[in-house]
Amino acid sequence: MSLPTPTTSNRAVVTGASSGIGMALATELARRGHSLIVVARSEEILQTLKTRLESEYGVSVDVRPCDLGSPAERQPLLDELATREISVLCNNAGIATFGPVASLDPAYEKQQMQVNAVACHDLVLAVLPGMVERRSGAILNVGSAAGNMPIPNNATYAGTKAFLNTFSESLRGELIGSGVNVTLLAPGPVRTEEIAEEDKTFVDRLVPDRLWVDTEYTARVSLDALARNKMRVVPGPLSQAMSVAGNYVPRGIMAPIVGRFYAKLGEGQQGGA
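Residues numbered from 1 in each chain as written. Predicted model: local features only at pLDDT ≥ 70, side-chain atom pairs only at ≥ 80, totals over all residues. Heavy atoms only, no water.

An unreviewed UniProt entry annotates the chain as Mycolate reductase originating from Dietzia cinnamea. Quoted straight from UniProt, the Sequence similarities (unreviewed entry) entry for the chain says "Belongs to the short-chain dehydrogenases/reductases (SDR) family." UniProt, in its Pathway (unreviewed entry) section for the chain, records the words "Lipid metabolism; fatty acid biosynthesis." (UniProt positions renumbered as here; feature names shortened; annotations may be inferred.)

Peer 1: Sorry if this is basic, but what is going on with the environment of A26 here?
Peer 2: On the secondary structure map, A26 appears in helix α1 (residues 20–31). A26 sits in the buried class, given a relative accessible area of 0%. Beyond its immediate stretch of four places on either side in the chain, A26 contacts V14, L36, V38, L49 and L53. (Helix = DSSP H or I, 4+ residues; strand = E, 2+ residues; numbered from the N terminus. Buried < 20%, exposed > 50% of the residue type's maximum accessible area, 1.4 Å probe, protein only. Contact = heavy atoms within 4.5 Å.)

Peer 1: It is not clear to me how the packing of aromatic side chains should be interpreted in this structure. Could you clarify?
Peer 2: Counted by the stated rule, this structure contains 1 aromatic pair. Plain terms: the ring middles of F163 and F167 are 5.5 Å apart, the flat faces sit at 10° to each other, and that makes the pair stacked. Here the residue F163 and the residue F167 both occupy positions in helix α5 (residues 155–175), the gap between them amounting to 4 residues, near one helical turn. (Phe/Tyr/Trp six-rings, centres within 6.5 Å; stacked < 30°, edge-to-face > 60°.)

Peer 1: Teacher, can you tell me more about the confidence of the model for the chain here?
Peer 2: In low-pLDDT regions, the fine details of the predicted coordinates are not to be read closely. In the predicted model, the chain carries a mean pLDDT of 85, and the fraction of residues at 70 or more is 77%. Of the regions scoring below 50 in pLDDT, residues 191–209 engages in 29 contacts with residues more than four places distant in sequence or in other chains. (pLDDT = per-residue confidence, 0-100.)

Peer 1: Which parts of the structure should I look at to understand the sheet that holds strand β2 (residues 36–40)?
Peer 2: Pairing between the strands of a sheet is mediated by backbone hydrogen bonds and can be parallel or antiparallel. Strand order in the open sheet formed by 7 strands is β3-β2-β1-β4-β5-β6-β9, with parallel pairing between adjacent strands. Of all the strands in the sheet, just β3 (61–65) and β9 (232–233) have a single pairing partner and so form its edges. Pairing analysis gives 4 bridges linking strand β1 (residues 11–15) to strand β4 (residues 86–91), with the strands arranged parallel. Among the inter-strand pairings, V13 is bridged to a residue of β4, identified as L89. Against the sheet, helix α2 (residues 43–57) touches β2 and β3, its axis set at about 175° to β3. Strands β5 (137–142), β6 (180–185) and β9 of the sheet are contacted by α5, whose axis makes an angle of about 155° with β6. (Pairing = 2+ DSSP bridges. Axes fitted to C-alpha atoms, helices over the stretch in contact; angles between N-to-C directions.)

Peer 1: So what exactly am I meant to see when it comes to the layout of surface pockets here?
Peer 2: Estimates place the volume of the second largest pocket at around 190 Å³. In terms of lining, the second largest pocket is formed by 13 residues, of which the most central are M23, A24, T27, T215 and E216. Taken together, the elements giving at least two residues each to the lining of the second largest pocket come down to α1, α2 and α7 (215–227). Sort the elements by how many residues they give to the lining of the second largest pocket and α1 lands first, with 6 residues. Among the residues making up the lining of the second largest pocket, the classes are represented as 4 nonpolar, 5 polar and 4 charged. (1 Å grid on protein atoms, 1.4 Å probe; cavity = no way out; pocket = protein on both sides within 12 Å on 5 of 7 lines; lining within 4 Å. Points joined across faces, edges and corners; volume = space filled by probe spheres on them. Nonpolar A, V, L, I, M, F, W, Y, C, P; charged D, E, K, R; others polar.)

Here you go:
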């Protein structure tokens, strides 16, 4: 099996394309000849990405600035994608919070649910009928190793990623033989480049360098896995360890241990990731 063949009419969609894994996925898809629709809140960054990808790879890139956490803002995007020939969908956009839910901003927690779960579901519903009708398509959902276990002090994020993990693997089972591939990417910590010691954030210092995974590598192995219709790809030692722990360690034992680690993240930073 393989990814759908790029044509002048079809497009690969990448959400959260303004940074990190999303930008790396967009770059790797362009390198493989796919024209794109890139989605994120920052139009300025997307326009810079468009210029670079079109110049380097000769593909067409459509920019769609959108706050996926807003149902009203994402509806025009959904309406457009339902009428376009979408060959690949990379559901990558996501945000996170750390700390006890009771102490966090309720509005931002609700937005997190929208971005991480509801918007991803909406996007799949928009493009899937066309893929099934054409018997050609590929969906990469970026879940998380955090979705494999209960994580106190990261509850909303872990809950949304648990939904996306299970939804992806269930959907893949429904679509076997349809010509539509579905793969779950369940990464741990990733970053674009090495960071000097003096520039490291609290999270960079808390997670050892050897446990970080490069975004370009993550994008490459994820798209390779999607081409093979692999159920799940888990790059990096930390995400692999979390996947094993989530499957085999009793939750009553694991939750307090992981919760203490994420409590430190909550002490060191607030807001999205």
